[in-house]
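Spelled out from the first residue to the last, the chains are:
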Amino acid sequence: MSISYNSAVFSVRTGQDYSIRFLNKTDAAGLERIFSSTTRLPLKSWQSLYNSQDVPDAGDLWITVDGLSFTASIDFSNHTWTLGLPVLPADGTQSVVPWDEISWPPETHQVMMPIILKWDNNQSGQGSLELKDQTLPGKRFVVPLENYTTSMPIFDWPKPVSIIASDQSTWMKHFVMYNESWMNGNVTRLGDGYSTPLTNGSSIQLAIPFMLIVVICNALKVIAMFFTLRWSTLPHLVTQGDAISSFLEHSDASTLSYGTLDRATIVGVSDLPVSKRLRPWKVESRTYFAMLSVWTTTALLFS
Amino acid sequence: MLTNHIIITKHRFLAGILVLLILDNKDGPGSFSDWAWGSASRKNLPIARQSFDAKGILFNTLLANFPQVLLSLAYFALNRLCTSMCFIREWNDHGLERKALRVASPIAQQRRAHFLQLPYRWSIPLTGMSGVLHWLLSQSTFLVRLDMRDADGNIKEDESRSTCGYSSLSLLVFALSFLGILAVVYGMQIRSLQIYVPPAEHCSLVISAACHPPPGDINPQFKPVRWGVVRNELGRATKHCSFTSENISKPKEGVMYL
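Residues numbered from 1 in each chain as written. Chains lettered and ligands numbered in written order. Predicted model: local features only at pLDDT ≥ 70, side-chain atom pairs only at ≥ 80, totals over all residues. Heavy atoms only, no water.

**Q** Would you mind going over the overall build of chain B with me for this structure?
**A** Within chain B, the regular secondary structure consists of five helices and eight strands. When the elements of chain B are put in sequence order from the N terminus, they spell out α-β-α-β-β-α-β-β-α-β-α-β-β. Buried residues in chain B amount to 50% of all 258 residues. Across chain B, every contact between residues at least 6 apart in sequence was considered, and the portion connecting residues at least 24 apart equals 64%. Accessible surface, chain B: about 12,700 Å² in total, of which carbon and sulfur atoms supply 63%. (Helix = DSSP H or I, 4+ residues; strand = E, 2+ residues; numbered from the N terminus. Buried < 20%, exposed > 50% of the residue type's maximum accessible area, 1.4 Å probe, protein only. Contact = heavy atoms within 4.5 Å. Areas by Shrake-Rupley, 256 points an atom, 1.4 Å probe, with all protein chains shown as cover.)

Shown next as structure tokens:
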């Protein structure tokens, strides 16, 4: 029964296959639908939840992107803008140069510099870059980014998510569509995740065969107890008091001379004449260990 | 000495469990951040069968629940130990004060035996402790069914399986609780007891030797009795010690008694 009762009720874990998708801020209706039907999870939470190929109690994952890093080749002489090869931050944001550290005016007219494009402030395809002039406070250059689209295909993202977003960095490489051609290796900063809840998640279930074994074993125990108590003519329980009572009623003359001896001493002197069996009474203390019976010690050994 | 050795061996065994838990959690799926209570843990025993058929489920059931059988045996031993301690105490107290005997079917002034041989102040904590340990163990290793579902929510039969899950956190709490209980029992066992009646150690020979009341003591078993030096009615040179319902005197150190 010990084997069965713990398995009569068992847990069923659901490992749900899932897809990783990215939120497109231009699709207002789609965003509204996702926000209302999913569970918002902070960055660390969804990364730890989606750390395996199959996740418990959750379906598809929608990830927001709140930052984009890439390198721009900027020719300030004629204001012709092109996007250059991206630079992967080695450890998150540290390798991304903040606006304030970009020297102005540039020593050359053409520089390669990493830029953060704040996703929240830009619309896909209609984005813009804003450059501050350090020498002329208040002067800003707004650089339009036309025909710029990020596209994150949903079918080829590796799983689990921990592969693409580690605990140390919230940045990941991705693909950017620019002027109808793919650019590899741009870097995106991940934000909150939106997890699709499952209707058939993990649960507790009964195992009928094991439950039957437990019920039958318990029924047998009850029947055995009932028959024992109802029809057995033997004393149900023999206690130390019963033993003393019995010996007081029917004294055993052969043990008369052992009155102050313990078990070990009795065994040692049983072959001696009565006059040599006696031992002087000694006041002493013993530990409980020293007074355990052989059977108790044996039971401990087996346990 | 043997019992001491057994207890020490158990401590080493449980210390081994703790070391295993720590080594197990160096990295990977068993990292410390992966510690979850009970069946919330997603760890599986590597020796468990990853199959969904009856043989695999039975094997995993045995694997998950065999420790329960061992714990039951350990509880029997612990119960036996505590019963023996109560026996020792009750027996010895008869040399200290006059008490009616505790018997299964009391007559006259006799007292009814404790339910299941143990006073409630022992049996209730023991039963509670047993229940808690069994529950902790059930949270430590357990049968798990893994239903793998595709993106549409349909069960993938070929990938679904049963296995034996375990929780490091539950196992750690169980091991610490078990160690704590062992420490308490060990502490109780090494306490000293002043001997007032020769220890019986469940030996009927000793019990019989302590039950030779003087001839004039009629039916002492139905009255409160005490062990000590009884009235020397037969005028023997050597006095005698026994349970009796009559007045007794304490045995004197260095004096021999029958």
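**Q** Is there a simple way to think about the nonpolar core in this case?
**A** Soluble, globular proteins show a tendency: their nonpolar side chains are buried together. With 27 residues, the main nonpolar core has L78, L126, M129 and L133 of chain B as its most contacted residues. If you list the elements that add at least two residues to this core, you get α2 (54-93), α3 (120-140) and α4 (168-189) of chain B. With nine residues, the single largest contributor to this core is α2 of chain B. Beyond its immediate chain neighbours, meaning those up to four positions away, L126 of chain B contacts Y75, L78, N79, C82 and L118 of chain B. Residues I266 of chain A together with W91, L101 and A210 of chain B belong to the second largest nonpolar core, which totals 26 residues. (Core = buried A, V, L, I, M, F, W, Y, C linked by side-chain atoms within 4.5 Å.)

**Q** Can you help me understand the sheet that holds strand β5 (residues 161-166) of chain B in this one?
**A** In a beta sheet, neighbouring strands pair by backbone hydrogen bonds and run either parallel or antiparallel. Pairing within the open sheet is mixed, and its five strands lie in the order β12(A)-β1(A)-β4(B)-β5(B)-β1(B). Each edge of the open sheet is held by one strand with a lone partner, namely β12 (203-206) of chain A together with β1 (43-44) of chain B. Direction of pairing for strand β4 (residues 141-149) of chain B relative to β5 of chain B: antiparallel, over a ladder of six bridges. Residue V144 of chain B lies in a different strand from β5 of chain B, and its bridge partner there is T163 of chain B. Relative to β4 of chain B, α3 of chain B is tilted by about 35°, and along the sheet it contacts β4 and β5 of chain B. (Pairing = 2+ DSSP bridges. Axes fitted to C-alpha atoms, helices over the stretch in contact; angles between N-to-C directions.)

**Q** Would you explain the side chain of R149 of chain B in this entry?
**A** Within the element layout of this structure, R149 of chain B appears in strand β4. It turns out R149 of chain B is buried and unbridged, and the closest side chain with the opposite charge, D147 of chain B, is 4.4 Å from it. (Lys, Arg positive; Asp, Glu negative; His and termini not counted. Salt bridge = Lys/Arg side-chain N within 4 Å of Asp/Glu carboxyl O.)

**Q** How do you make sense of the environment of R149 of chain B when you look at a structure like this?
**A** Accessibility expressed as a relative area gives 12% for R149 of chain B, which makes it buried. Each C-alpha atom of the pair R149 of chain B and S160 of chain B lies 8.3 Å from the other, and the pair is 11 residues apart in sequence. Beyond its immediate sequence surroundings of up to four residues, R149 of chain B is in contact with T14, G15, Q16, D17 and N200 of chain A together with N154, I155 and K156 of chain B.

**Q** What is the right way to look at the pattern of salt bridges in this model?
**A** Side chains bearing opposite charge may pair, as long as their charged atoms lie close to each other. All names here are of chain B. Summed over all chains, the structure comprises five salt bridges over all chains. Salt-bridge contacts for K99 lead to D93; the nearest nitrogen and oxygen are separated by 3.5 Å. We classify D93 as buried; its relative accessible area is 17%. Of the charged contacts in the structure, one is a salt bridge between K99 and E97, with a shortest N-O distance of 3.9 Å. The exposure class of E97 is partly exposed, given its relative accessible area of 39%.

**Q** When you look at α4 of chain B in this model, what are you seeing that I'm missing?
**A** Every α-helix carries 3.6 residues per turn, so stepping three or four residues along brings you back to the same face. Residue and element names in this part refer to chain B. Relative to the 32 Å expected for 22 residues at 1.5 Å per residue, α4 spans 31 Å between its end C-alpha atoms, a close match to the ideal helical length. For α4, the set of buried residues is S168, S170, L171, F174, A175, F178, I181, L182, V185 and Q189. In an axial view of α4, the angular spread of the buried residues amounts to 155°, which keeps them on one side of the axis. (Expected span 1.5 Å × (residues − 1). Arc of directions from axis to C-beta.)

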